[in-house]
Amino acid sequence: MDVKSAEFVVSNTNVDKCPKDFIPEYAFIGRSNVGKSSLINMLVQRKSLAKTSGRPGKTQLINHFKINNSWFLVDLPGYGYAKVSKSVKSKFQKFIVEYFEKRKQLVSAFVLVDVRHEPQKIDVEFMQWLGENGIPFSIIFTKADKLKPGATKRNVENYLNELIEDSWEEAPNHFITSSSSNEGREELLGYIDNINR
Ligand code: GTP
Ligand code: MG
């Protein structure tokens, strides 16, 4: 799929104020700093459509980006960032939970995890919560450029095996990406294009 246009639409913390357009929507979620905003920029080939930072906690709002005038990419705040006070987030901020519970246009979530890390409790819990709520999702392994291909492959296999050992019936659909090298771009856009058709 060619990305012919990508425009920022609106930011907010209230799912009821998200765009009313009833078009397919895909949301990026995961720990702070995992590379959600960078991946959106990589997909649309725009350096700073979504704001990124080396410091966790950059994205604080629900951000809607309209692609090719026909579907949305949604950049969300990260979870699991200790410096955000406990009162602001019990574990997952309320408005993020509400976004997933209420947003009817949401076709699929993408849960991003750093390919260098073993499964983290908070990510597994979030995936379980998505499953319990009937929200389809894929895992996106990020920052693949940080490892050699063999190590990436091993880590991904171990990660998925651990999920299965952890009582998952089957491994979730997954992608391996790098926002630096554009790895995984065609595959991910192709996947979305297929669903949109
Ligand atoms: P929050 O908005 O804080 O939740 O973070 P985020 O998940 O949106 O992460 P962001 O895209 O801002 O990236 C965090 C840091 O990781 C930045 O310094 C990025 O340059 C870096 N980064 C993101 N993706 C990649 C990648 O694929 N490869 C490498 N090497 N660095 C990456
Ligand atoms: Mg971000």
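Residues numbered from 1 in each chain as written. Chains lettered and ligands numbered in written order. Predicted model: local features only at pLDDT ≥ 70, side-chain atom pairs only at ≥ 80, totals over all residues.

> Honestly, the overall build of the chain in this entry has me stumped. Any pointers?
Helices and strands together make up the secondary structure of the chain, namely 5 helices and 7 strands. Starting at the N terminus and ending at the C terminus, the chain contains elements arranged as β-β-α-β-β-α-β-α-β-α-β-α. Computed over its C-alpha atoms, the radius of gyration of the chain comes to 16 Å, within 12% of the 16 Å expected for a compact globule of 197 residues. Seen through its principal axes, the chain has C-alpha atoms that stretch 40 × 40 × 35 Å. The burial tally for the chain puts 35% of its 197 residues in the buried class. Sequence-distant contacts in the chain: of pairs separated by 6 or more residues, those separated by 24 or more amount to 72%. (Helix = DSSP H or I, 4+ residues; strand = E, 2+ residues; numbered from the N terminus. Rg over C-alpha atoms; globule rule 2.2 N^0.38 Å. Buried ≥ 20, exposed ≤ 12 C-beta atoms within 10 Å, placed from the backbone. Contact = placed C-beta atoms within 7 Å.)

> What is the right way to look at the environment of Val124 in this model?
By the element assignment, Val124 lies in helix H3 (residues 121–132). A sequence separation of 63 residues divides Val124 from Leu61, and the C-alpha atoms of the two residues are 23 Å apart. With sequence-adjacent residues up to four places away left out, Val124 is seen in contact with Pro119 and Asp166.

> Explanation requested: the site of ligand 1 in the structure shown.
The full set close to ligand 1 counts 23 residues, and Gly35, Ser38, Thr52, Thr59 and Gly78 are the nearest of them. Of all the elements, helix H1 (residues 36–44) adds the most residues to the shell around ligand 1, at 3 residues. (Near = placed C-beta within 6 Å.)

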